[in-house]
Amino acid sequence: MVEPLSVASGVAGIITLSSAVVAAGYKYIDAVRSAPKEIKDLMREICFLNTIVSQLATHTLSTDSGSHPAFVALDDKHIFQDCEATLLAVQRRLSGCKLSNNSHGTRNGVRIWSWPMTQKEIIQGRERISRLCSILTAAITLDNATSLTRLEHAQQMSIEKVDALLSTSHDVEEQKILAWLSTLRPKVKHTATAELQQPGTCDWLLQEELIQNWMSGAGPSFVWLQGSSGCGKTVLV
């Protein structure tokens, strides 16, 4: 398991190193007459790497790195170490640039520098940096998708909690309204009355054609039971 600060520290180190390499590279480009296009392309790729890694920093430093599995996978696969090794190789090459003994060419009074990397080495370095940029970009895209999923899940949970609170609130309000309409408690009264019923109570009523049609939906939408007070309507039904 990756340590919580491992990803963040790796990202911070690459930002610092890539910034130093870019500064040294453009110093060389500014000093050399007709610097090779491949060198400029290499510096642009390193600038792009610096930008991508800076985006990683905003993700890893804002929350616990453990909540970013895509970034943890980068560390597990040694992508950060690969970035560091590649940048260090370019930095060592840049530190090997020396003033040329050829005094014929100058640029604004600055003597020509020699470049210690062959064209093949420059192209290979650029391609390696480009591959690392693609991997890091894919990780950021995946992390954004994962974060969006977590956000949607959290939002859904919040909605469900609000709905539950509203439902509880409505139930409380309903009970208050019923209590205001009548001091009687219908459920308690119904339960107590049902206990007074004897076996067979209401059977004869259910055999009535009118009641059967009402229960099957073939008759009227409602049936009105009439009777004097205390004659047993409540117990009957």
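Residues numbered from 1 in each chain as written. Predicted model: local features only at pLDDT ≥ 70, side-chain atom pairs only at ≥ 80, totals over all residues. Heavy atoms only, no water.

Further remarks concern the overall build of the chain. When helices and strands are tallied, the chain shows nine helices and four strands. If you list the helices and strands of the chain from N to C, you get α-α-α-α-β-β-β-β-α-α-α-α-α. For the chain, the proportion of its 237 residues judged to be buried stands at 27%. Contacts spanning at least 24 positions in sequence make up 71% of the contacts within the chain whose residues lie at least 6 apart. As displayed, the chain has an accessible area near 16000 Å², and 58% of this comes from carbon and sulfur atoms. (Helix = DSSP H or I, 4+ residues; strand = E, 2+ residues; numbered from the N terminus. Buried < 20%, exposed > 50% of the residue type's maximum accessible area, 1.4 Å probe, protein only. Contact = heavy atoms within 4.5 Å. Areas by Shrake-Rupley, 256 points an atom, 1.4 Å probe, with all protein chains shown as cover.)

Moving on, we get to the layout of surface pockets. What the largest pocket holds in volume is close to 200 Å³. Lining the largest pocket are T86, A89, V90, R92, R93, M117, E121, Q124, G125 and R128. Elements supplying a minimum of two residues to the lining of the largest pocket: helix 4 (79-95) and helix 5 (119-181). Examining the composition of the lining of the largest pocket, we find that five residues originate from one element, helix 4, more than from any other. (1 Å grid on protein atoms, 1.4 Å probe; cavity = no way out; pocket = protein on both sides within 12 Å on 5 of 7 lines; lining within 4 Å. Points joined across faces, edges and corners; volume = space filled by probe spheres on them.)

Let us now look at the environment of Q91. In this fold, Q91 is placed in helix 4. The class for Q91 is partly exposed, based on a relative accessible area of 31%. For the pair Q91 and G25, spaced 66 residues apart in sequence, the C-alpha to C-alpha distance is 8.5 Å. Look past the residues within four positions of Q91 in its chain and what remains in contact with it is L17, A20 and V21.

This part is about the confidence of the model for the chain. The predicted model of the chain averages 76 in pLDDT, with 78% of residues at 70 or higher. Residue range residues 101-111 is modelled with pLDDT below 50. Its contacts to residues more than four positions away, or to other chains, number 16 contacts. (pLDDT = per-residue confidence, 0-100.)

Let us now look at the pattern of salt bridges. Scanning all chains against the criterion turns up five salt bridges. Among the salt bridges present, the one from R131 reaches D82, with a minimum N-O distance of 3.0 Å. One end of the pair, R131, is in helix 5; the other, D82, is in helix 4, with 49 residues separating them in the sequence. Residue R93 is joined to E121 by a salt bridge in which the shortest nitrogen-to-oxygen separation is 3.0 Å. (Salt bridge = Lys/Arg side-chain N within 4 Å of Asp/Glu carboxyl O.)

Looking now at the state of the cysteines. By the definition in use, this model includes zero disulfides. Cysteine C83 shares no disulfide, and the gap to the nearest cysteine sulfur, in C133, comes to 7.5 Å. According to the relative accessible area criterion, C83 is buried, its value standing at 0%. Residue class for C133 comes out buried when judged on its relative accessible area of 2%. (Disulfide = S-S within 2.5 Å.)

The next thing to look at is the side chain of E45. Following the sequence through the fold, E45 ends up in helix 2 (residues 37-62). One buried charge, E45, has no salt-bridge partner; the nearest side chain with opposite charge is R126, at 5.2 Å. Look past the residues within four positions of E45 in its chain and what remains in contact with it is R126, I129, S130 and C133. (Lys, Arg positive; Asp, Glu negative; His and termini not counted.)

The next subject is the nonpolar core. If you look at the biggest cluster of nonpolar residues, it comprises 34 residues, and the most contacted ones within it are I46, L49, L87 and L136. The greatest single-element share of this core, amounting to nine residues, is contributed by helix 2. (Core = buried A, V, L, I, M, F, W, Y, C linked by side-chain atoms within 4.5 Å.)

With that settled, the discussion passes to the environment of A89. The topology assignment puts A89 in helix 4. As a C-alpha pair, A89 and V21 span 68 residues in sequence and 9.9 Å in three-dimensional space.

Together, L206, W214, M215, F222 and W224 line one region of the surface with nonpolar side chains, adding up to about 630 Å² of accessible area. With respect to the helices and strands, W214 occurs in helix 8 (residues 209-216). (Patch = residues over 30% accessible without salt bridge, like charges linked within 9 Å, V, L, I, M, F, W, Y side chains within 5 Å.)

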